[in-house]
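A look at the structure
Spelled out, the chains give:
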Amino acid sequence: MWTSSPLSKALGRRAAITPANIMSHLVQPQLRNFVFKGLKMTKAEFVEGSSQAVAALLVGGEQSSFDVCDPTLSKVLKEEAGPIPILNAVDKADFSHLRLVVGGSRTTMASPERSKIQPSCVGDSLVIFTRQEDFRKIPEWVKNVFALHISETYCRDLIRRHGFSVQFAVDFQLDVSDRDAIESRKLSQQWVFESGLMDASFEKSPDWAIVDINGRQGGNEYWK
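Quick look at the structure, then.

This part is about the overall build of the protein. Along the protein, the regular secondary structure elements total six helices and six strands. When the helices and strands of the protein are read in sequence order from the N terminus, they spell out α-α-α-β-α-β-β-α-α-β-β-β. Restricting the contact set of the protein to residue pairs at least 6 apart, pairs at least 24 apart contribute 73%. Summed over its atoms, the accessible surface of the protein is roughly 11,800 Å², and 55% of this surface lies on carbon and sulfur atoms.

Spelled out as structure tokens, the structure:
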């Protein structure tokens, strides 16, 4: 977990070339524009904020700092062998990828509404919480042939009715020190940040959580 192994990416990872993954790359710029414009911040500002979050968690090298992370990630970190390194500096931070979850958030999938939802993934960029009742009068083959459940029109309608959430992945190059070590070392990691439920107007300021570090949770794809 805290070794100098190659960067492990949970979001935006290289995958087989398929129509869904090609579409994922094509829509990524549009999704970034939609989200950052709505949040009234730039990509650089988000990266700066995420760097400050990483610094706050690692500066003391304390396990208890990670209690603020997603509970499943926090549990994994506590079970990890070895001490947490102490951060000296964030040498570099780069925005890697954005994943838009249309039609809900983590709390949606933890509610009774989960039984009515069929998640549909478009590559690594888009997850759509399709409501089965929305297509009850449409033949299954028509829905699939014309991709009605992942169309832009349907996504906009889901966002209007049920909101959305976002996962951001940021790649970090960190300078850290192990306890009692004389020399520092370099650490490459990807951290995934997740928003709470947001609405189409972006009126509510979302809560943020760290849900994955270096692919330990596989991107924390809670809808699977």
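Time to look at the pairing of strand E1 (residues 86-102). Direction of pairing for E1 relative to strand E4 (residues 164-177): antiparallel, over a ladder of 14 bridges. When the bridges of E4 are listed, leucine 100 appears paired with valine 166. Pairing between E1 and strand E3 (residues 126-131): three bridges, direction parallel. The residue of E3 that forms the bridge with leucine 100 is leucine 126.

Bringing the sheet that holds strand E2 (residues 117-122) into the picture now. Spatial strand order, E2-E3-E1-E4-E5-E6: six strands in an open sheet with mixed pairing. Every other strand in the sheet has two partners, leaving E2 and strand E6 (208-213) as the edge strands with one partner each. Recorded for the sheet is a direction-independent mean angle of 30 degrees between the axes of neighbouring strands. The sheet strands contacting helix H6 (residues 152-162) are E1, E3 and E4, and the helix crosses E3 at an angle near 75 degrees.

Now for the pairing of strand E5 (residues 185-195). Remember that side chains alternate between the two faces of the sheet whenever the strand is regular. Burial within E5 is extensive, with nine of its eleven residues counted as buried. In the sheet, E4 pairs with E5 via ten bridges, with the strands oriented antiparallel. Within E5, the position partnered with phenylalanine 172 by the bridge is glutamine 189. As paired elements, E5 and E6 share five bridges and run antiparallel to each other. Across the sheet, tryptophan 191 pairs through a bridge with isoleucine 213, a residue of E6.

What follows concerns the nonpolar core. Membership of the largest hydrophobic core comes to 42 residues, with the highest contact counts inside it found for Phe66, Leu100, Phe168 and Trp191. In terms of residue count, the dominant contributor to this core is E4 (seven residues). Setting aside residues up to four positions removed in sequence, tryptophan 191 forms contacts with Val54, Leu57, Leu58, Phe66, Phe168, Ala169, Val170, Phe172, Ile210, Asp212 and Ile213.

In this section: helix H2 (residues 43-58). Taking 1.5 Å per residue, 16 residues should reach 22 Å; H2 reaches 23 Å between its end C-alpha atoms and fits that length. Of all the positions in H2, only Phe46, Val47, Ser50, Ser51, Val54, Leu57 and Leu58 are classed as buried. Down the axis of H2, the smallest arc covering the buried residues is 140 degrees, so these residues share one side. Pointing more than 90 degrees away from the buried face of H2 are the exposed residues Ala44 and Ala56.

Procedures and definitions
- Residues numbered from 1 in each chain as written.
- Predicted model: local features only at pLDDT ≥ 70, side-chain atom pairs only at ≥ 80, totals over all residues.
- Heavy atoms only, no water.
- Helix = DSSP H or I, 4+ residues; strand = E, 2+ residues; numbered from the N terminus.
- Contact = heavy atoms within 4.5 Å.
- Areas by Shrake-Rupley, 256 points an atom, 1.4 Å probe, with all protein chains shown as cover.
- Pairing = 2+ DSSP bridges.
- Axes fitted to C-alpha atoms, helices over the stretch in contact; angles between N-to-C directions.
- Buried < 20%, exposed > 50% of the residue type's maximum accessible area, 1.4 Å probe, protein only.
- Core = buried A, V, L, I, M, F, W, Y, C linked by side-chain atoms within 4.5 Å.
- Expected span 1.5 Å × (residues − 1).
- Arc of directions from axis to C-beta.

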